[in-house]
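# Structural characterization, general
One-letter residues, chain by chain:
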Amino acid sequence: MPPLIKTYLMPEVSAVQFAIKTTVAMMLALYIAFYFDLERPYWALISAAFLQVRPMSGMVIEKGICQLGGTFVGAVAGVAIMALFAQARVPALVTLTLWIAFCTYVGSLWRNNYTYGCLMAAVTAMLIVVISNGSSPAGIFNIAVARMTELGLGAICATLVSSLLWPSRVGGHLAQQADTVINRAFNHAALRLEASDDIPAMQAALRESLGALTVVETDSQAARFEGPEGPGRIRAAHVLTRRTLRLLASLHALHQLLHDHAERLDPQSLAIAREMAARFRDAEQVTGVPEARRRLHELRASLHERDADSDALSPLDRRLRLGLREVLGHARVMLDAREAIAAPGTYRLRAGPLAWHRDHVAAGINALRSGLVFAGLATFWIVTAWQSAMVAMLLGTLFSAFFASRDNPVMVTMMFYKGMLAAIPSAFLFGHVLLSQVHDFALLAVVFGAPLFLGLLGASNPATMGYCLAFTIFNILLTMPGNDMDFSFDSFANRVVAALIGLTTVVTAFRLLPGLGTKLRRRRLIHAISRDIHRLRRRSITQSEARFSGRMADRLLQLAQHDDMLPEQQRHLFILGLTGLDVGTATLRLRHQLDAIPHAEVQRAHRALLRALAQAFEQSAHGQRPSGVIEAGQRLDQALETFEQTPRRRRELLIGLVERLSLSLDRLAETMATRPDRPAPDTAESTPVGTSA
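Below is a summary of the structure that appears in this document.

What follows is about the overall build of the protein chain. Scanning the protein chain for helices and strands turns up 25 helices and zero strands. Here the protein chain holds 693 residues, and 57% of them are scored as buried. Summed over all atoms, the accessible surface of the protein chain reaches about 28,100 Å², with 59% contributed by carbon and sulfur.

As structure tokens, this is what we get:
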């Protein structure tokens, strides 16, 4: 059954509750706006609708704070622009264009609801400058106060209704998503450790785990608004993110050994990996974190017992078994993090905030696109002197910035376009034909609230959210309810044409100026990871680990979403990120073991190995066979041999680590060399980008 039909024929209880809550919040905001005779009550409606899209109490509060903060900043900017260019419309619009581009740029670098705050700063400034054109200074100030009042009213009503009517909390939502992260990650681990050839099953489990992990990491910041336990949940979410990605990177490396080099491994090691796979399946299916943790603890103890008499194993086998123990360690910490999310008093985990990866080029493209969209629509407004063009300018500013941070903005924009087309007959029937016969607020709420409720009912389903949320918003914008409504067909037709022009301009802009393509994204990813691996030697271990883990976590979460939209044969970006995380983690592990050795020859060999790993990653990422890693590892082993305090077992583990990394980089080089879009060897891409770092 299609998702849209299923949503309306068999709605879930949570969907009905969401639609009722949001409709009540919107009608409450509209009633208060009518009572105080606000100039544009529909802004209070839109504000309440946007805040209720994620109806958890902490999420509504955080988004409301960001909205009010962005509105205030935008109001100050709008007043400042008009104070400088009150009688010069063109310079005012040029300055406003730069402000909108700046807000989009900053919003593209932020995460969570801070992006929404930047969006409101752009929209509020645009409304003040455009609407107050030719007004007196007092009129400009009154317009700024009116916009802040309307948007603030919607935020207050949404927060109040969210807290009183079927309240839901971020904590419970995060715990549910954490369960999905762990269950799907454990299923993925079982497939990897079985050396499975079922690539679609592994990718499906991986995508589901990373999708839930993205939600946990993004939404966890709102937990700070749900009492003193919020900071504990945020730290636990950071731990879960880091450990899950380390688990996935380790599993990726182990799968290459078990699948491609099984003949070089001891049969007992292969049997241990299969036993671990079975235990991971058991841990996925048991009920409760304590029981799953107990089973993994028993398996870890069993591994230690088997390793007691493993002196005859090769360095690669030793490295494999140590990797298996590390996987179990990551899994146990993930279970602790999940318990700390659900009940913060159970475990007290330490974790600093993630250092986000910020792509300034992508942000610059988004800013340029938003500026061009507004400049084009503003030029259209000046040339035609058409008052309804302000609606087109509003939509262009709103959606060009709002969709810029989405992974597939063209698809999302087209979903909104279709929702807008469906809203046109609805707004005409309910917002003009029927609403023109209404003379009291109760009947208005029934008539005007009906299409809003239907749209919100479908907006609760992620598969139909784009269509139905657009249906709801455009019902409001095409009706523009107020105390002095104009029910003439001319005004309605003008708004429809303006909405079509505004959204068509946004669609065209995203098609003509898309974001970073796969090739450019890959090149920038290689450069960023290589640069970070090189810089792991320049700071303290603690600082290096915090910066590298956070940035790689953010990159992998983004790359997982990006890869999911590509054809099967082009999904290589996430593998590239996993290998980079593996190499960086190994670099930090080497520093933990070798930085404290007071031996000049050892330190020289150590630095040479770290440089060789960074350069080999660059070569592999460009599809070239890596070189120098094994040789650098051998030189380090020889230096450690002269340093008599280094245990033999430790040296063998180091040799095994270097050998495993070399095999992993060889595999990455093969993958990148066979990708469909690989350029010819004599192009600039064949030169490592970070060798001069």
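Another aspect to go through is helix α6 (residues 114–131). Compared with the 26 Å implied by 1.5 Å per residue over 18 residues, the 26 Å span of α6 between its first and last C-alpha is a close match. Across the 18 residues of α6, 16 count as buried, placing the element largely inside the fold.

Counting residues in each nonpolar core, the largest one holds 100 residues, and the members touching the most others are Leu193, Leu240 and Phe280. Top element by residues in this core is helix α10 (residues 230–260). It accounts for 13 residues. Those residues in contact with leucine 193, other than ones at most four positions away along the chain, are Leu251, Leu254, Leu258, Ala273, Arg274, Met276, Ala277, Phe280 and Leu324. Counting residues in hydrophobic clusters, the runner-up holds 99 residues, among them Ala25, Ile46, Met120 and Met485.

One pass over the full model with this rule turns up 18 aromatic pairs. Ring centres 6.1 Å apart and planes at 85° place the aromatic pair phenylalanine 34 and phenylalanine 441 in the edge-to-face group. Linking phenylalanine 34 in helix α2 (residues 13–35) with phenylalanine 441 in helix α17 (residues 441–459), this pair joins segments that are 407 residues apart in sequence. Given the relative accessible area of 15%, phenylalanine 34 is considered buried. Residue classification places phenylalanine 441 among the partly exposed residues on the basis of a relative accessible area of 23%. Ring centres of phenylalanine 428 and phenylalanine 489 lie 5.8 Å apart, and the angle between their planes is 90°; on these two criteria the pair is classed as edge-to-face. Taken together, the positions of phenylalanine 428 in helix α16 (residues 409–434) and phenylalanine 489 in helix α19 (residues 489–512) put the pair 61 residues apart, joining distant regions of the chain.

So, on to the environment of glutamate 659. Within the element layout of this structure, glutamate 659 appears in helix α25 (residues 648–673). Once the C-alpha coordinates of glutamate 659 and glycine 633 are considered, the two residues, 26 residues apart in sequence, prove to be 8.4 Å apart. What glutamate 659 contacts, discounting residues up to four positions off in sequence, is Arg264, Leu316 and Ile630.

Moving on to a nonpolar patch on the surface. A contiguous nonpolar surface patch, about 430 Å² in accessible area, is contributed by Phe428, Leu429, Val433, Leu434 and Phe489. Structurally, valine 433 can be placed in helix α16. For valine 433, a relative accessible area of 37% corresponds to the partly exposed category.

Our next topic: α10. An ideal rise of 1.5 Å per residue puts 45 Å on 31 residues; α10 measures up with 45 Å between its terminal C-alpha atoms. Within α10, 26 of the 31 residues are buried, leaving the element largely enclosed by the surrounding structure.

Conventions we followed
Residues numbered from 1 in each chain as written. Predicted model: local features only at pLDDT ≥ 70, side-chain atom pairs only at ≥ 80, totals over all residues. Heavy atoms only, no water. Helix = DSSP H or I, 4+ residues; strand = E, 2+ residues; numbered from the N terminus. Buried < 20%, exposed > 50% of the residue type's maximum accessible area, 1.4 Å probe, protein only. Areas by Shrake-Rupley, 256 points an atom, 1.4 Å probe, with all protein chains shown as cover. Expected span 1.5 Å × (residues − 1). Core = buried A, V, L, I, M, F, W, Y, C linked by side-chain atoms within 4.5 Å. Contact = heavy atoms within 4.5 Å. Phe/Tyr/Trp six-rings, centres within 6.5 Å; stacked < 30°, edge-to-face > 60°. Patch = residues over 30% accessible without salt bridge, like charges linked within 9 Å, V, L, I, M, F, W, Y side chains within 5 Å. Salt bridge = Lys/Arg side-chain N within 4 Å of Asp/Glu carboxyl O.

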